[in-house]
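# An overview of the molecular structure
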Amino acid sequence: MNLSRTLTLTLAAGLSTAASGAITFDAPTNLSTISRPSGVAAGDFNADGQMDLAVTVDGVDQIMIFVGSGGTLVPSAPVLTGGGTGPDDLITADLDGDGDLDFAVILKNTETVRVYHNNGLGTFVQGTTTAVGSNPVDLTAGDLNGDGSIDMATANRDSNSVTVLINNGAGALSASSFAGGDEPKGVAIGDFNNDGFADIADSASRDRTVQIHAGNGAGAFSLLSTLPVSPATRPDGLVAADLNADGIMDLAAASGDTAFNAAAVWLGTGAGLGGRVDYLIGGQGASSIVAADLSGDGQLDLAISSTDSNTLSVIENTGAGAFGAASSMATGNAPGNMIAADLDGNGGVDLAVSNRDSDTTSIFYNQAGVPCQADINGDGALDFFDISAFLGNFTASDPSADINGDGAFDFFDISAYLSLFTAGCP
């Protein structure tokens, strides 16, 4: 029996199968995250080479830890923050300069930010607790004074302020605050006026504006500009990123209300931020926003959670910082904080969003990173050239042609390849 000829004839009718497409996610995997999950962070906390996940909950106040293991997330020992503390937004970064990832978490009920130090193996020890403004709702990290240490800032909703938290390099924080407009809900760090110093943006929800505060390079800030959003919306989450790949920082806000919800985008000009462009997202109650290369094309796309419609919307970067039509996915109830990270290690950027009112966190695994084993020549299409390449490898007993991994080159490998080819690629 001529196995090569059999394979060629069998596959001849199935040429030119698509090997890749637009941004596509699997149906959500929902992790049980106890009562009222809020903050979400991802990183390799235990230094095993796998991405882990952390989620704050205020029912039994704690940071829940899910350890990554072969594309799954397994619950591990939590970090207890103390009864009645109300852990909320969360970031992970090397806050003490020892090379591993620590936590900083808003404790909403005590109006503080607390640091937890990692021992390098994913066990966390309580560090300093620092007072911030009233009702802190958002936490972000960046080097605010140019000393190489990770500093932070909080948006304080009820005191109409932003608190700057300067890190001494060992994870101890010193706080100062400035006015942030009426009801700030989001905060982002970036060099928005291109002067080499970190600036801070905050979303003043009731003012329907985003304020830009220029940094002086030493951790002090002054109001630089005020950017209006659509009068039909209120801004919430913010993200600073280079959306058009020109080396200049841009800014995007999740901005919405009942009828009109959008990602508001301001591209940097080199001397500030230009005019606003709104990209409709279809949801209601736009909340959190992240920027990440979700399509794998080298450009930063945007994802936005919408609390009132229980959806997560994705808008793809079509080039030069412009975005296409939104596609939406159902989440749990009242989705809020969201992160983008490769949680299953397949090369695609996944999304995780906490669902406050359903006590879950939804993981959306990105199909963009799934390797296409049938695309032998890696040209993005399944056609005769892949068949020819597979047959060449099969004839040469190349290990890549041992599809079923049994150490033999036989009909079972051809059958397995046939199944892969017929199924196409994600």
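Residues numbered from 1 in each chain as written. Predicted model: local features only at pLDDT ≥ 70, side-chain atom pairs only at ≥ 80, totals over all residues. Heavy atoms only, no water.

### Focus: the nonpolar core
By size, the foremost hydrophobic cluster in this structure holds 15 residues, and its most contacted members are I289, L302 and I304. Those elements giving two or more residues to this core turn out to be β19 (234-241), β20 (250-256), β21 (261-268), β23 (286-292) and β24 (301-306). Apart from residues lying up to four places away in sequence, L302 is in contact with V239, L243, A252, A263, V265, I289, V290, A291, S313, V314, I315 and F323. (Core = buried A, V, L, I, M, F, W, Y, C linked by side-chain atoms within 4.5 Å. Buried < 20%, exposed > 50% of the residue type's maximum accessible area, 1.4 Å probe, protein only. Helix = DSSP H or I, 4+ residues; strand = E, 2+ residues; numbered from the N terminus. Contact = heavy atoms within 4.5 Å.)

### Considerations on the sheet that holds strand β11 (residues 136-142)
Strands sit in the order β11-β12-β13-β14 across an open sheet of four strands; the sheet is antiparallel. At either end of the open sheet lies a strand with only one pairing partner, and these are β11 and β14 (173-179). Each neighbouring strand pair of the sheet contributes to a mean axis angle of 20°, computed without reference to strand direction. The sheet contact formed by strand β13 (residues 161-167) and β14 spans seven bridges and is antiparallel. Pairing of V164 across the sheet is with S176, part of β14. (Pairing = 2+ DSSP bridges. Axes fitted to C-alpha atoms, helices over the stretch in contact; angles between N-to-C directions.)

### Comments concerning the pairing of strand β4 (residues 52-57)
In terms of residue burial, β4 counts as a mostly covered element, since six of its six residues are buried. Side-chain alternation along β4 places D52, A54 and T56 on one buried face and L53, V55 and V57 on a second face that is also buried. Looking at chain direction, strand β3 (residues 37-43) and β4 are connected through five bridges and run antiparallel. What sits directly across from V40, in β4, is V55. Pairing of β4 with strand β5 (residues 62-69), which is carried by five bridges, proceeds in the antiparallel orientation. Residue pairing for β5: A54 is matched across the bridge by I65. What sits between β4 and β5 in their antiparallel hairpin is a turn of four residues, with V60 showing a positive phi close to 60°.

### Looking at the packing of helix α2 (residues 384-395) against helix α3 (residues 411-423)
Relative orientation of the contacting elements α2 and α3 amounts to 160°, with a least axis distance of 12 Å. Our classification of the angle between α2 and α3 gives roughly antiparallel. α3 is crossed by α2, and the crossing has right-handed handedness. When α2 is examined against α3, the residues D386, I387, F390 and F394 are found in contact with a partner set consisting of D413, I414, Y417 and F421. (Parallel < 35°, antiparallel > 145°, perpendicular 65-115°, else oblique. Left-handed = near helix turned anticlockwise from the far one by under 90°.)

### Structural notes on α2
Helix length check: α2, at 12 residues, gives a terminal C-alpha distance of 16 Å against a target of 16 Å (1.5 Å per residue), a fit within 8%. Listed as buried for α2 are D386, I387, F390, L391 and F394. The arc that holds the buried residues of α2, viewed along the axis, is 135°, so those residues lie on one side. Exposed side chains of α2 directed beyond 90 degrees from the buried face belong to F385 and T395. Just past α2, the residue S397 takes up positive phi, approximately 55°. (Expected span 1.5 Å × (residues − 1). Arc of directions from axis to C-beta.)

### Side note on the environment of I339
Relative to the helices and strands, I339 resides in strand β27 (residues 335-341). Sequence-wise, I339 and V349 are 10 residues apart; in three dimensions their C-alpha atoms are separated by 9.9 Å.

### What to know about the sheet that holds β19
A sheet is described by the order of its strands in space; here four strands give the open sequence β19-β20-β21-β22, paired in antiparallel fashion. Since the sheet does not close on itself, it has two edges, and those belong to β19 and β22 (273-280), each with one partner. Between one strand axis and the next, the sheet turns through 20° on average, direction left out of account.

### Comments concerning unusual backbone geometry
Its identity as a non-glycine residue notwithstanding, N194 has a phi of 60°, on the positive side. Along the polypeptide, N194 turns up in the loop between β15 (184-190) and β16 (199-204). Note on N194: relative accessible area 42%, which makes it partly exposed. If you check the backbone angles, A245 has positive phi at about 55° while not being a glycine. Mapped onto the elements, A245 comes out in the loop between β19 and β20.

### Focus: the packing of aromatic side chains
Per the counting criterion, the structure on display carries 10 aromatic pairs. Pairing F384 with F385 gives two aromatic rings, centres 6.4 Å apart and planes at 70°, and the pair type is edge-to-face. The exposed category is assigned to F385, whose relative accessible area is 56%. Relative to F394, the ring of F390 has its centre 6.0 Å away and its plane inclined at 45°; by these criteria the two rings are tilted. Residue F390 and its partner F394 are located together in helix α2, separated by four residues, close to a single helical turn. Among the residues examined, F394 registers a relative accessible area of 11% and is labelled buried. (Phe/Tyr/Trp six-rings, centres within 6.5 Å; stacked < 30°, edge-to-face > 60°.)

### Some remarks on the environment of L312
Counting through the fold element by element, L312 comes out in strand β25 (residues 311-319). Spatially, the C-alpha atom of L312 lies 13 Å from that of T24, the residues being 288 residues apart in sequence.

### Some points on the side chain of H117
Relative to the elements of secondary structure, H117 occurs in strand β9 (residues 112-118). Reaching out from H117, the side chain makes a polar contact with the side chain of D96 at a distance of 2.8 Å. Excluding residues that lie within four positions of it along the chain, H117 makes contacts with D96, D102, T123, F124, V125, G127, A170 and G171. (Polar contact = N/O pair within 3.5 Å; in protein donor to acceptor, adjacent residues only side chain to side chain.)

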